[in-house]
Amino acid sequence: MTDLFDSADAAGAPVGAEMEVPGGGQASQNGGTDGTLPERVRTIEEELAEQGVYYGTTTGDSMEPLLHHRRQTIVLKPFAPGARAVRGDVILVKREDGHYVLHRVVRVLPLPEGGYLTRGDNRLHRDLPVPEEQVLARFDGYYHGTEFVPVDSARYRAYVWFWVKNPCRFAYLAARSAVRRVTRGKKRK
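Residues numbered from 1 in each chain as written. Predicted model: local features only at pLDDT ≥ 70, side-chain atom pairs only at ≥ 80, totals over all residues. Heavy atoms only, no water.

**Notes on the nonpolar core**
Rule in force here: Only buried Ala, Val, Leu, Ile, Met, Phe, Trp, Tyr and Cys residues count toward a nonpolar core, and they belong to the same one when joined by side-chain atoms within 4.5 Å. Burial status follows relative accessibility: with a 1.4 Å probe on protein chains alone, a residue under 20% of its type maximum counts as buried, one over 50% as exposed, and anything between as partly exposed. Under the DSSP-based scheme used, a helix requires at least four consecutive residues in state H or I and a strand at least two consecutive residues in state E, with every element numbered from the N terminus. It only takes one pair of heavy atoms within 4.5 Å for two residues to be counted as in contact.
Ranked by internal contacts, the top residues of the largest apolar core, which has 22 residues, are Leu67, Leu76, Leu102 and Phe139. Broken down by secondary-structure element, the contributors of at least two residues to this core are helix H1 (44–51), strand S6 (73–77), strand S7 (90–94), strand S8 (100–108), strand S10 (135–144) and helix H2 (154–164). If you tally residues by element for this core, the top one is H2, at five residues. In this view, phenylalanine 139 contacts Leu66, Leu67, Ile74, Val75, Leu76, Val90, Leu102, Val151 and Tyr156; residues no more than four positions away in its chain are not counted. Of all hydrophobic cores here, the second largest spans eight residues; its members include Ala85, Val105, Tyr116 and Val135.

This is the structure in structure tokens:
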């Protein structure tokens, strides 16, 4: 499973009208805290274009241990015109099927075609190549409770050093996968 943003309909708009905000509580996307639904929920693309930032939560476990299922509020910012992601960036991709995926760039593909190879921090295998036009934004940080952890902080850099750049991670993920396959096989019998 990949990290997807709280359910999206076919038009690409988030289905839920409310999202978690830093500091607790809920805020409807029309700006109020009265719990009423907006007339129309804005898409992530609209939010990025109009506000220059997007706040939301992720679903799934592919970016653990950094991001847990619906537990952190993430901050995304659009790329500057002409800018490209670099190896190690976490990018938001909107796949052809309309699903949003937030994964780390493991390889930048050369121009003129360009694009990226990505992988979730909790995955062994890379995703299919991502074309440039599917990339919407760059991960700028997340809220751990009420504390904002930006990607240039010592805390985030320590995570990258300890987990992302650690070659032992792949041995751990492979062993965990093997144990899961064995235990699933025993349960089926």
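**Notes on the side chain of arginine 119**
To keep things clear, this is the line we draw: Polar contacts here mean pairs of N or O atoms no more than 3.5 Å apart (in protein, one a potential hydrogen donor and the other a potential acceptor; neighbouring residues in sequence count only if both atoms are side-chain atoms).
Turning to its location among the elements, arginine 119 is positioned in strand S9 (residues 116–119). A polar atom in the side chain of arginine 119 sits 3.3 Å from the backbone oxygen of leucine 124. Not counting chain neighbours up to four residues away, the residues in contact with arginine 119 comprise His103, Arg104, Val106, Leu124, His125, Arg126, Asp127, Arg169 and Phe170.

**A closer look at the pairing of S10**
What counts, and what does not: Criterion used throughout: strands pair if DSSP finds at least two bridges between them.
Across five bridges, the pairing between S6 and S10 is antiparallel. When the sheet's bridge partners are listed, valine 75 is paired in S10 with glycine 141. Where S7 and S10 come together, three bridges link them in antiparallel fashion. Residue pairing for S10: isoleucine 91 is matched across the bridge by arginine 138. Summarising the sheet, S10 and strand S11 (residues 147–150) pair through four bridges and their orientation is antiparallel. In the strand pairing of S11, tyrosine 143 is matched with phenylalanine 148. In this antiparallel pair of consecutive strands, S10 and S11, the connection spans two residues, and glycine 145 shows a positive phi of 70 degrees.

**What about the layout of surface pockets?**
We apply this condition: Both site types are read off a 1 Å grid over the protein atoms alone. A 1.4 Å probe that fits but cannot get out defines a cavity, while an open set with protein on both sides within 12 Å along at least five of seven lines defines a pocket; lining residues have an atom within 4 Å of a point. Grid points are joined across faces, edges and corners, and a volume is the space filled by probe spheres set on the points. Here the term charged refers only to Asp, Glu, Lys and Arg, the term nonpolar to Ala, Val, Leu, Ile, Met, Phe, Trp, Tyr, Cys and Pro, and the term polar to all other amino acids, Gly among them.
Its boundaries defined by the atoms lining it, the largest pocket holds a volume of some 400 Å³. Arg87, Gly88, Arg104, Val164 and Lys165 are the residues nearest the centre of the largest pocket, which is lined by 17 residues in total. Mapped onto the lining of the largest pocket, the elements with two or more residues apiece are S8, H2 and helix H3 (168–188). Here the lining of the largest pocket gets five residues from one element, more than from any other, and that element is H2. When grouped by side-chain class, the residues that make up the lining of the largest pocket number eight nonpolar, two polar and seven charged. Forming the boundary of the second largest pocket are 13 residues, of which Asn122, Arg123, Leu124, Arg176 and Ser177 lie nearest the centre. In terms of residue count, the dominant contributor to the lining of the second largest pocket is H3 (six residues). In terms of residue class, the lining of the second largest pocket is made up of two nonpolar, five polar and six charged.

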